[in-house]
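Analysis of the macromolecular model
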Amino acid sequence: MAVQEVILETNPALPVPYSEKAVLKALKESYLIADTKKDGVQLNLLVDPVDPALFLSRAGKAFPALTHLSDGDRVTQVEMQMLTLLSDDCCIYPDGFMLQAEIVTPGQPAEITAGNLRRKSKPLDLSTIEIHVFGVVPLDVIESGEDHDVTHGVMKYHVEAITALLKKHVPQIKWIVTESLDVFTLEELQRTYEARREAGEEGLVLKDPLAIWKRGKKVGQWKMKPEDTIDGTVQGLVWGTPGLANEGKVIGFEVLLEDGHVVNACGLTQEQKDEFTLTVAQASYTEENKGWRGGHKLVHTAGLVSLVETIVNPFGGWAVEVAFMERFKDGSLRHPSFSRWRGISDPTIKE
């Protein structure tokens, strides 16, 4: 996975973990906006007269499978359509804006969408995706690095206005305003959450309608979903037990979690074990160590032990999602397992 340059540091507003105390405080003062949390890949779409269609990750990097929509050598169809949108009398941000949205492949989990977006050799078929819009900010605010002095309660109407223009001017993409409900009590919030989960959705993003759009993870937005995944970075490799079927193979990763705990995340499929083992073998091969040949599986544990100082971990620092059954009181996890890679344009950046 090639590392890509940052096109623009967008540093978008993101929700913090759910806090009942904070949510109750917001409900006491007004109400909450409950957006459906889609299982997709976050998109920061930049639209302005100079670069009319930059489809970026939340880390500000281009999605390899969408770079054909913004070609520096020619004006693409999508770019022409976006320019027409900016000149529409109904456009509230004619000088440019950044759209926050979620790219979703209907019926497929986020890892499928992420995998499709990684492919350089195969431009993404736009008819296979939906883009669920939940935020819009003028581009001059994004470039300034400042917060956007517009409340979430008002921004939802800005989202509706811009999404309507996208549907009109760029109809080959399915644009959808993120499903949203206003809730006024904790009981109503719980019913809404359960209904979304029963419908197969990931959960909710809760917004204080009186809070403004702030950079990064700030109070005013909360994500409400089952605590069954956590992100981290790969620190080491977990090898198969000597004498068993997976001897000499990579069966998992040692992961430093975002909360500071370190776990062994295993649970790989047989295909993943073979793929990751081969990748390690190819990265570690040297002329002095002709036993590590690309294309051959590693099967001799004794050899691995004797060569431990020469093993290269090509996955070191990669962003990864870890799934688990429950969290113990000391913060450790029950049955942590590898879920998916979080990097798209850069394997070390969660996107």
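Residues numbered from 1 in each chain as written. Predicted model: local features only at pLDDT ≥ 70, side-chain atom pairs only at ≥ 80, totals over all residues. Heavy atoms only, no water.

Attention now goes to the sheet that holds strand β19 (residues 337-341). With antiparallel pairing, five strands are arranged side by side in an open sheet as β15-β14-β13-β16-β19. Two strands bound the open sheet, and with one partner strand each, they are β15 (262-265) and β19. The sheet shows a mean angle of 50° between the axes of neighbouring strands, taken without regard to direction. Taken together, the four bridges between strand β16 (residues 319-323) and β19 define a ladder with antiparallel strand orientation. Each residue of the ladder has a partner; that of V322, found in β19, is F338. Against the sheet, helix α7 (residues 270-284) engages β13 (229-239), β14 (250-257) and β19, with an angle of about 80° to β14. (Pairing = 2+ DSSP bridges. Helix = DSSP H or I, 4+ residues; strand = E, 2+ residues; numbered from the N terminus. Axes fitted to C-alpha atoms, helices over the stretch in contact; angles between N-to-C directions. Contact = heavy atoms within 4.5 Å.)

Side chains of V75, M80 and L83 sit close together on the surface and give an oily, nonpolar patch of about 250 Å² of accessible area. On the secondary structure map, L83 appears in helix α2 (residues 77-86). By relative accessible area, which is 31% here, L83 ends up partly exposed. (Patch = residues over 30% accessible without salt bridge, like charges linked within 9 Å, V, L, I, M, F, W, Y side chains within 5 Å. Areas by Shrake-Rupley, 256 points an atom, 1.4 Å probe, with all protein chains shown as cover. Salt bridge = Lys/Arg side-chain N within 4 Å of Asp/Glu carboxyl O. Buried < 20%, exposed > 50% of the residue type's maximum accessible area, 1.4 Å probe, protein only.)

Turning next to helix α1 (residues 20-29). Considered for burial, the residues of α1 that qualify are V23, A26 and L27. For α1, the arc enclosing every buried residue in end-on projection is 100°, short of the 170-degree limit, so these residues lie on one face. Opposite the buried face of α1, at more than 90 degrees from it, the exposed residues are K21, K25, K28 and E29. The secondary structure elements touched by the buried residues of α1 are β2 (32-37), β9 (180-183), α6 (186-198), β10 (203-207) and β12 (216-224). (Arc of directions from axis to C-beta.)

Let us now look at the pairing of β14. In summary, the side chains of a regular strand alternate between the two faces of the sheet. β14 sits mainly inside the fold: six of its eight residues count as buried. Here β13 pairs with β14 via seven bridges, running antiparallel. Across the sheet, T233 pairs through a bridge with L256, a residue of β14. In terms of strand pairing, β14 meets β15 through four bridges, oriented antiparallel. Looking across to β15, one finds that V255 is bridged to V263.

Our focus in this paragraph is helix α3 (residues 110-118). Among all positions of α3, only A110, T113, A114, G115 and L117 are buried. Among the structural elements, β3 (41-47), β5 (97-104) and β19 are those in contact with the buried residues of α3.

For the pair α2 and helix α5 (residues 152-169), the least separation of the axes is 10 Å and the interaxial angle reads 135°. In this view, α2 runs oblique relative to α5, as classed from their interaxial angle. The handedness of the crossing between α2 and α5 is right-handed. Listed contacts from α5 to Q81, M82, T84 and L85 of α2 are L165, L166 and H169. Split into classes, the residues belonging to the contact of α2 with α5 amount to four nonpolar, three polar and no charged. (Parallel < 35°, antiparallel > 145°, perpendicular 65-115°, else oblique. Left-handed = near helix turned anticlockwise from the far one by under 90°. Nonpolar A, V, L, I, M, F, W, Y, C, P; charged D, E, K, R; others polar.)

Below, the discussion takes up the confidence of the model for the protein. Residue-level pLDDT values for the protein average 88, and 91% of them are 70 or greater. Here residues 292-309 scores under 50 on pLDDT; set against residues more than four positions off or in separate chains, the count is 33 contacts. (pLDDT = per-residue confidence, 0-100.)

With that out of the way, let us pick up the sheet that holds β10. Spatially, β1-β12-β10-β2-β9 is the arrangement adopted by the five strands of the open sheet, whose pairing is mixed. The open sheet has two edge strands, β1 (13-17) and β9, and neither has a second partner. The mean inter-strand angle of the sheet, taken between neighbouring strand axes irrespective of direction, is 40°. Note that β2 and β9 share four bridges and pair antiparallel. Its bridge partner being in β9, L32 is matched across the sheet by V183.

As a further point, take the environment of I212. Structurally, I212 is set in strand β11 (residues 212-213). Sequence separation of I212 and A13 is 199 residues, and the distance between their C-alpha atoms is 9.7 Å. Excluding its chain neighbours within four sequence positions, the residues that come into contact with I212 are D147, H148, D149, V150, T151 and H152.

Here we come to the packing of aromatic side chains. Summed over all chains, the structure comprises 12 aromatic pairs. When the centroid spacing of 5.3 Å and the interplanar angle of 70° are considered together, the rings of F276 and F315 count as edge-to-face. On the criterion of sequence distance, the pair formed by F276 in helix α7 and F315 in the loop between α8 (301-306) and β16 is long-range, its members being 39 residues apart. Both residues of the pair, F276 and F315, belong to the buried class. (Phe/Tyr/Trp six-rings, centres within 6.5 Å; stacked < 30°, edge-to-face > 60°.)

Here we take up the nonpolar core. Among the nonpolar cores identified, the biggest contains 49 residues, and F55, L66, M82, F97, L99, I131 and W175 are the most heavily contacted of them. Of all the secondary-structure elements, those providing two or more residues to this core are β3, β4 (54-56), α2, β5, α3, β6 (130-138), α4 (139-144) and α5. If near-sequence neighbours (up to four positions away) are discounted, M82 is found in contact with L45, V47, P52, A53, L166, V170 and W175. Membership of the second largest hydrophobic core comes to 21 residues, among which are V280, F315, F324 and W341. (Core = buried A, V, L, I, M, F, W, Y, C linked by side-chain atoms within 4.5 Å.)

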